[in-house]
Amino acid sequence: IPLWPDGAPGAHGASSNDIPTIIPYLPDGTNATGAAMVICPGGGYAHLAPHEGNDYALWLNQHGVTCFVLKYRLGSSGYHYPAEFEDVTRAMRWTRAHAAEYHIDAHRIGVMGSSAGGHLAATLLTHFDAGDSHAADVIKRQSSRPDLGILCYAVITMGKLTHQGSRENLLGKNPSPELVKLLSNELQVTASTPPCFLWTTFEDRT
């Protein structure tokens, strides 16, 4: 489902790479809990790993969670910040706006991401807004604040210890210090940041 039927803001064209979409994954009606998750696959902001989107969604469906896998724009297709952030923000608003249609609770919608997708999820968790109550577009009226976050072996900082490929694909080769700080999400946590579960394993040497 295209997130913007008339084209995403700042789109370079009309190919698949220029059209952010969301794919619903619905649980069995007998075990649906009313909870939902927007899922951001990883891939270094260069590609999207299917096992971090499709596979997570299928697993969560077994536990009654309705899922929406986001296909966001990528640095490998010439998109840098804020395009990726616009896409995940729109995905959260879209999900909330369609809560009744998908039989989910608009106050039980999380965001989940892995690796670079974890950075994108963390960006939403720390840079959300309440929406524009006066907007003509009903989707824009919705809050973009997730109700919780799950960060899976996530890229967090854009500073010295970052994953360089993710940083370059997101911010370009020579980002300003101000932009690096803004997107170093460990520096942006406040009392309003949603509750978050973070995990990695010992196999991840990085």
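All values derive from a computational prediction rather than experimental measurement. (Residues numbered from 1 in each chain as written. Predicted model: local features only at pLDDT ≥ 70, side-chain atom pairs only at ≥ 80, totals over all residues. Heavy atoms only, no water.)

Asks: Please clarify how the packing of aromatic side chains should be interpreted in this entry.
Replies: Two aromatic rings are characterised by how far apart their centres lie and by the angle between their planes. Within the structure shown, the criterion is met by six aromatic pairs. Seen in terms of ring centroids, Tyr45 and Tyr72 are 6.1 Å apart; in terms of plane orientation they differ by 70°. Their pairing is edge-to-face. Linking Tyr45 in the loop between strand 2 (36–40) and helix 1 (54–62) with Tyr72 in the loop between strand 3 (66–71) and helix 2 (83–97), this pair joins segments that are 27 residues apart in sequence. The two residues Tyr45 and Tyr72 agree in class, both being buried. Each ring, one from Trp94 and one from Tyr102, has its centre 6.0 Å from the other, and the planes form 50°; the classification is tilted. Both residues of the pair, Trp94 and Tyr102, belong to the buried class. Over the face of the ring belonging to Tyr79 we find Arg73, whose NZ or CZ atom lies 5.1 Å from the ring centre. (Phe/Tyr/Trp six-rings, centres within 6.5 Å; stacked < 30°, edge-to-face > 60°. Helix = DSSP H or I, 4+ residues; strand = E, 2+ residues; numbered from the N terminus. Buried < 20%, exposed > 50% of the residue type's maximum accessible area, 1.4 Å probe, protein only. Lys NZ or Arg CZ within 6 Å of the ring centre and 35° of its normal.)

Asks: What exactly am I supposed to notice about the nonpolar core here?
Replies: Side chains that are nonpolar tend, in soluble globular proteins, to be buried together. Grouped together as the largest cluster of nonpolar side chains are 36 residues, with contacts concentrated most on Leu70, Val88 and Val111. At the level of secondary structure, the elements contributing two or more residues to this core comprise strand 2, strand 3, helix 2, strand 4 (109–114), helix 3 (116–126) and helix 4 (164–171). Top element by residues in this core is helix 3. It accounts for six residues. Beyond its immediate sequence surroundings of up to four residues, Val111 is in contact with Met37, Val38, Cys40, Val88, Met92, Ala121, Leu124, Leu125, Pro146, Leu148, Gly149 and Ile150. Counting twelve residues, the second-largest nonpolar core is a separate cluster that includes Met37, Ala57, Val65 and Val69. (Core = buried A, V, L, I, M, F, W, Y, C linked by side-chain atoms within 4.5 Å. Contact = heavy atoms within 4.5 Å.)

Asks: Help me out: how do you make sense of the packing of helix 2 against helix 3 in this one?
Replies: Running from amino to carboxyl end, helix 2 crosses helix 3 at an angle of 65°, the nearest separation of the two axes being 10 Å. Considered as vectors, helix 2 and helix 3 are oriented roughly perpendicular to each other. Taken as a pair, helix 2 and helix 3 cross one another with a handedness that is right-handed. Seen from helix 2, the contacting residues are Glu84, Phe85, Val88, Thr89 and Met92; seen from helix 3, they are Leu120, Thr123 and Leu124. (Axes fitted to C-alpha atoms, helices over the stretch in contact; angles between N-to-C directions. Parallel < 35°, antiparallel > 145°, perpendicular 65-115°, else oblique. Left-handed = near helix turned anticlockwise from the far one by under 90°.)

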